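Breakdown of the fold
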Amino acid sequence: MVDSHDPESAESCSLTEDDVEPKLKYVRLSNDIKNILSEEAISCIAVHPRFLCLGTHWGRIHMLDHQGNCVHTVINRKENAHILSVNRISVDSRGEQIATCSDDGKVIISGLYTDENNQVLSTGKIIKAVELDPNHNRSGSGKRFIIGDNKLVMYEKTFLKGLKSTILSDSEGQVTAIKWNGQFVAWASSLGIHVYDLNEKCSLGFIQWEEPKEGKLTDYRCNLNWSNATTLLIGWVDTVRICVIRKRNAVEVSTRNLPVHIVDPMSTFQTDFFICGIAPLETNQLVVLGYAKERDSETNKALRPILCVLQYNASDYIEICTDSLSMRGYEEYKCDDYHLDCLIDENQYFIVSPKDVVVANLYETDDRVQWLIEHGKFEQAMDVIATHGGKYSLITVARLYLDHLLSLQHFDEAARLCQRVFGTDKQLWEEEVYKFVKVKQLRSVSSYIPITDACKLNPHVYEMVLYEYLQLDPNGFLQLVKDWPPRLYNTKAVINAVNDHFNKKDANILLEALAILYTHEKEFDRALTMYLKLQHKDVFELITSYELYGMVKDCIVQLIELDSERAIAMLLKDKIPAEDVVRELEHCEQYLYRYLDAYDKVTSNEKFHWRLVNLYARYEPDKLLSFLKRSNSYPIQEAYDICQGLKFYPEMVYLLDKMGSTREALTIIMHNLQDVPMAIDFCKEHDDMDLWNDLINESVDKPHVMTKLLNSIAGFINPELLVDKIKPGQDIEGLKESIIKMLCGYSLQVSIQEGCNQILGADYFDMHERLVRVQQGALCVTPDHVCGVCRRDIIVKDNMKTDIVMFNCRHYFHEPCLLDKYNLDICIVCNTKKLGSTGTF
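Residues numbered from 1 in each chain as written. Predicted model: local features only at pLDDT ≥ 70, side-chain atom pairs only at ≥ 80, totals over all residues. Heavy atoms only, no water.

1. A few points about the overall build of the chain
Quick reminder of the rule: Elements are defined by DSSP. Helices are runs of H or I of four residues or more, strands are runs of E of two residues or more, and each kind is numbered from the N terminus. For every residue, the accessible area obtained with a 1.4 Å probe (protein chains only) is divided by the maximum for its type, and the residue is called buried under 20%, exposed over 50%, and partly exposed between those limits. Whether two residues are in contact is decided by their heavy atoms, any of which lying within 4.5 Å being enough. Note on areas: Shrake-Rupley, 1.4 Å probe, and residue coverage restricted to the protein chains presented here.
From N to C terminus, the chain includes 29 helices and 31 strands. In the chain, which comprises 841 residues, the proportion classed as buried is 46%. Counted over contacts in the chain with a minimum sequence separation of 6, partners at least 24 positions apart contribute 49%. Split by element, the accessible area of the chain, about 43,700 Å² in all, is 48% carbon and sulfur.

2. Quick notes on the packing of aromatic side chains
What counts, and what does not: Note on aromatic contacts: the rings of Phe and Tyr and the six-membered ring of Trp form a pair at centre separations within 6.5 Å, being stacked when their planes are under 30 degrees apart, edge-to-face when over 60 apart, and tilted otherwise. Here, a charge over a ring is recorded when the distance from Lys NZ or Arg CZ to the ring centre is within 6 Å and its angle to the ring normal is within 35 degrees.
Enumeration over the complete set of coordinates arrives at 18 aromatic pairs. Aromatic side chains Tyr-599 and Phe-608 sit 5.8 Å apart centroid to centroid with 75° between the ring planes, which places their arrangement in the edge-to-face category. In this structure an aromatic cluster arises from ring pairing among Tyr-593, Tyr-616, Tyr-619, Phe-627 and Tyr-634. Sitting over the ring of Trp-209, Arg-241 keeps its end group 5.1 Å from the ring centre. Over the ring of Phe-274 we find Lys-293; its NZ or CZ atom is 5.6 Å from the centre of that ring.

3. Some thoughts on a nonpolar patch on the surface
Spelled out, the test is: In this analysis, a patch consists of residues with relative accessible area above 30% that form no salt bridge, clustered at 9 Å for like charges and at 5 Å for the nonpolar side chains Val, Leu, Ile, Met, Phe, Trp and Tyr. Each reported salt bridge corresponds to a side-chain nitrogen of Lys or Arg within 4 Å of a carboxyl oxygen of Asp or Glu.
A surface patch of nonpolar side chains, about 220 Å² in accessible area, is lined by Val-789, Ile-828 and Val-829. With respect to the helices and strands, the residue Val-829 is situated in the loop between strand E30 (812-814) and strand E31 (839-840). Assessed through its relative accessible area of 43%, Val-829 is described here as partly exposed.

4. Thoughts on the environment of Lys-426
Inspection of the secondary structure assignment puts Lys-426 in helix H8 (residues 426-438). It is 9.2 Å that separates the C-alpha atoms of Lys-426 and Ala-454, two residues lying 28 residues apart in sequence. Once residues lying within four places of it in the same chain are set aside, the contact partners of Lys-426 are Cys-455, Lys-456, Leu-457 and Asn-458.

5. Overview of the sheet that holds strand E26 (residues 339-343)
The following threshold applies: Criterion used throughout: strands pair if DSSP finds at least two bridges between them. Think of each axis as a best-fit line through the C-alpha atoms, taken over the contacting stretch in the case of a helix, with angles from 0 to 180 degrees between the N-to-C directions.
Spatial strand order, E2-E28-E27-E26: four strands in an open sheet with antiparallel pairing. Edge positions in the sheet fall to strand E2 (24-28) and E26, since each has one partner strand and no second. When the angles between neighbouring strand axes are averaged without regard to direction, this sheet yields 25°. Note that E26 and strand E27 (residues 348-353) share five bridges and pair antiparallel. Following the sheet pairing, Leu-340 is matched in E27 by Ile-351.

6. Overview of unusual backbone geometry
Its identity is not glycine, yet Asn-284 carries a phi of approximately 60°, on the positive side. Within the secondary structure, Asn-284 is located in the loop between strand E22 (273-280) and strand E23 (285-292).

7. As for the sheet that holds strand E3 (residues 42-48)
The three strands lie next to each other as E3-E4-E5, forming an open sheet whose pairing is antiparallel. Strands at the two margins of the open sheet, each flanked by one partner only, are E3 and strand E5 (61-64). Averaged over all adjacent pairs, the angle separating strand axes in this sheet is 20°, with direction ignored. Across six bridges, E3 lies against strand E4 (residues 51-56) in antiparallel orientation. Pairing of Ala-46 across the sheet is with Cys-53, part of E4.

8. Quick look at the pattern of salt bridges
According to the stated counting rule, one finds 32 salt bridges in the structure shown. Residue Arg-94 pairs with Glu-96 through a salt bridge whose shortest N-O separation is 3.2 Å. Residue Glu-96 is classed as partly exposed on the basis of its relative accessible area, which comes to 23%. Two residues, Lys-537 and Asp-563, come together in a salt bridge whose shortest N-O distance is 3.5 Å. Here Lys-537 is found in the loop between helix H14 (524-534) and helix H15 (538-546), whereas its partner Asp-563 is found in the loop between helix H16 (556-562) and helix H17 (564-571), with 26 residues between them in sequence. Asp-563 gets classed as buried once you look at its relative accessible area, which sits at 15%.

9. Here's the deal with the environment of Leu-52
One can find Leu-52 in strand E4. The buried category is assigned to Leu-52, whose relative accessible area is 1%. Sequence-wise, Leu-52 and Phe-350 are 298 residues apart; in three dimensions their C-alpha atoms are separated by 9.5 Å. Once you skip the residues sitting within four places of it in the chain, Leu-52 turns out to touch Leu-29, Ala-46, Val-47, His-62, Met-63, Leu-64, Asp-65, His-66 and Phe-350.

10. Observations regarding the confidence of the model for the chain
In plain terms, the rule: By definition, pLDDT measures how confident the predictor is in each residue, and it falls between 0 and 100.
When pLDDT is averaged along the chain, the result is 85; 88% of the residues meet or exceed 70. Residue range residues 1-12 is modelled with pLDDT below 50. Its contacts to residues more than four positions away, or to other chains, number 27 contacts. Below a pLDDT of 50 lies the segment residues 832-841, which in the model reaches 19 contacts outside its immediate sequence neighbourhood of four places, other chains included.

11. Re helix H22 (residues 636-646)
Put simply, the test is: Summarising the geometry, the arc corresponds to the directions from the helix axis toward the C-beta atoms.
Among all positions in H22, only Ala-639, Tyr-640, Ile-642 and Cys-643 are buried. Angularly, the buried residues of H22 cover 160° about the axis, an arc narrow enough to put them on a single face. Looking at the packing, one finds that the buried side of H22 touches helix H20 (609-619), helix H21 (624-630), helix H23 (649-659) and helix H24 (662-673). Phi turns positive, to about 60°, at Lys-647, one or two residues after H22.

12. Digging into the environment of Phe-627
With respect to the element layout, Phe-627 can be found in helix H21. Beyond its immediate chain neighbours, meaning those up to four positions away, Phe-627 contacts Asp-600, His-609, Leu-612, Val-613, Tyr-616 and Tyr-634.

13. Considerations on the pairing of strand E16 (residues 192-197)
Most of E16 sits out of view: six of its six residues are buried. Bridging between strand E15 (residues 184-188) and E16 involves five bridges; their strand directions are antiparallel. Among the inter-strand pairings, Trp-187 is bridged to a residue of E16, identified as His-194. Turn length for the E15-E16 hairpin, with the two strands adjacent in sequence and antiparallel, is three residues. Alignment of E16 against strand E17 (residues 202-208), held across six bridges, turns out to be antiparallel.

If you want it as structure tokens, here you go:
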């Protein structure tokens with residue numbers, strides 16, 4: 001447990017970089033262990049799920065629980081087990097027997113609950129390692145244990161209760177470490193590591209270790225551990241090696257007489273520190289206790305030990321996290337003064353120095369969340385909760401995160417967090433939105449606040465947002481009024497707030513907002529007034545959406561001034577009588593023209609055409625002539641007077657022609673327009689000899705006109721009339737070519753007429769001959785034909801022969817049915833003309 005009165009409590013046991021999430025949490029053991037450490041120094045440790053076993057430099061053994069309390073056992077009540085430092089403690093898997101060894105040469109095996117199998121073995125040699133059979137208490141196991149001096153020796157209890165020793169292997173120097181796992185025993189000599197197979201009674205191989213650059217290999221303790229039944233972890237000096245025991249293939253074993261198993265190194269890498277202990281964590285991960293190679297630059301004393309979580313591969317590793325441990329008295333300790341033991345199944349690690357014991361546990365979900373919160377990593381904390389759950393709720397962390405963001409003035413990020421976490425939770429929104437009120441940042445959350453019927457907040461919330469915008473951001477206020485449905489808030493309250501805070505600087509913005517708010521309140525007259533005062537084009541949408549046509553009768557001119565196209569398009573929807581529109585536009589003739597011009601295009605009603613003549617003449621003369629031609633609903637004389645006053649000669653020609661004054665129209669063409677082709681076409685159109693004579697008389701003194709006439713009159717008048725008018729000696733350019741062309745044209749016309757007559761004559765006789773042949777042909781009589789008089793079938797079965805009379809008009813009669821059977825020249829049905837001869841059958 002944590003010693004709260006100790007200045008170096010658990011909070012100071014680890015010094016991890018603030019930005020790196022720790023993998024482990026630490027607790028310094030206290031309680032009875034404090035009394036022990038005040039008098040003695042720890043030399044080794046053994047950990048069992050039920051207890052801790054500490055060996056001291058005074059040769060004593062202490063049994064404690066995992067909180068540091070002494071466990072009252074026989075071992076604790078004994079005097080010093082050894083007279084020198086305890087080098088190694090081994091506990092069987094059931095936690096009933098412990099074995100200890102020391103430099104005093106003794107190996108002591110003690111039972112925790114019975115002394116039946118206790119042993120004291122005096123070897124007379126320094127013993128650095130002892131290891132109990134994990135199944136030491138199992139019946140028939142032989143109560144085996146292994147020790148190491150200058151060789152590896154296994155002892156087992158015989159039938160007569162004596163100890164039988166078996167030398168398993170000679171050693172290259174002192175045996176410094178032993179680790180037993182099932183049938184395999186790993187042990188370290190002064191040169192390297194061996195793995196022994198107890199079943200096959202042979203060594204599986206030797207892993208030689210390199211000498212360090214400084215000092216000797218024997219100056220450093222070899223740290224062995226098994227992570228599972230076949231994986232061995234080795235940490236020695238500054239090198240880590242992971243080995244796997246595997247079976248050889250059957251062919252190799254049978255042909256070469258080799259052991260069934262072989263040791264394969266699968267990963268080897270070097271660390272930046274000396275290794276004091278090694279233990280497994282997760283797949284491909286290790287926990288390594290390290291001792292810094294460097295020393296304090298000022299005092300030249302040792303630095304704090306470190307506990308690293310590493311993820312290894314074949315030849316390298318990735319450092320997941322590293323904690324610097326503030327162990328008591330660390331400045332004076334050497335590498336071998338530190339020990340690491342673990343409970344693999346519980347992921348619990350015990351770090352031991354002569355005067356301290358610290359327990360490291362994996363960070364659980366709640367620990368991770370707490371650390372992330374304390375270090376401001378709220379997003380990661382929320383991800384952990386979402387994935388693994390725990391005592392912290394997502395909402396609790398989100399609220400803390402929200403406070404954190406607001407304190408940093410990250411208002412937009414805070415608003416997005418609310419939307420993401422609170423979702424459609426009305427209560428949460430209403431509780432947390434007041435945090436934005438305090439910092440006057442409701443504007444930041446306005447884009448994310450729920451506005452749907454599924455999550456509609458208290459109207460007061462929306463009104464607070466609008467009020468803040470009204471005070472600090474009028475443009476944003478207007479946008480919210482446009483975007484938010486009016487059901488969210490009390491529109492009358494907002495209108496009152498706008499009126500209270502009205503100012504000239506933002507007048508246009510606030511008037512537009514008022515127009516929208518009045519629309520929501522169905523006060524359309526006020527809204528319409530606001531829009532017109534602003535000259536805002538949304539007025540058209542207001543009118544059409546709510547059919548306010550009756551309200552715009554007196555403001556038609558203002559609407560056209562605002563947007564003539566939209567206004568006229570609206571006025572043409574037959575919602576406002578055209579007469580009313582025309583009356584309103586009487587004094588704005590240009591707007592009247594635009595309206596009537598558009599009105600004329602969408603309706604066949606010509607009641608305003610009399611106005612359009614003058615309007616076209618004033619504003620768009622190019623359209624006047626086409627209008628005069630397609631309309632019959634204007635006073636011709638008045639139209640002519642207008643055109644005459646403005647000297648619109650083409651229009652005058654058309655109107656004179658329409659009134660029957662063709663000769664006057666021709667005069668305008670010749671004298672005002674001076675358009676000879678037009679004059680010629682005009683005469684051709686009317687084909688009036690008087691017009692031709694006027695045109696010829698006007699052209700006699702104009703040689704260029706005479707030439708055009710000669711080229712154009714063929715087929716309309718006798719060329720002699722024009723030629724006779726030519727004065728002898730008159731100089732007319734191109735006269736010869738024109739006369740030749742005229743005569744050729746006239747001759748061609750005569751030839752064409754003669755050819756047409758011949759064709760018509762030939763066609764007439766051909767058609768007549770064909771008609772005679774058809775009428776002289778036989779006629780078919782079928783039972784379907786009926787008599788034109790009696791309406792019975794024309795073919796009857798009787799003893800008397802009945803003649804049939806047929807006419808070329810396809811009428812059939814029984815001869816007795818005819819009134820005048822001797823006059824067979826005329827069909828009594830047709831009775832109008834003679835169609836041909838008759839036949840009698």
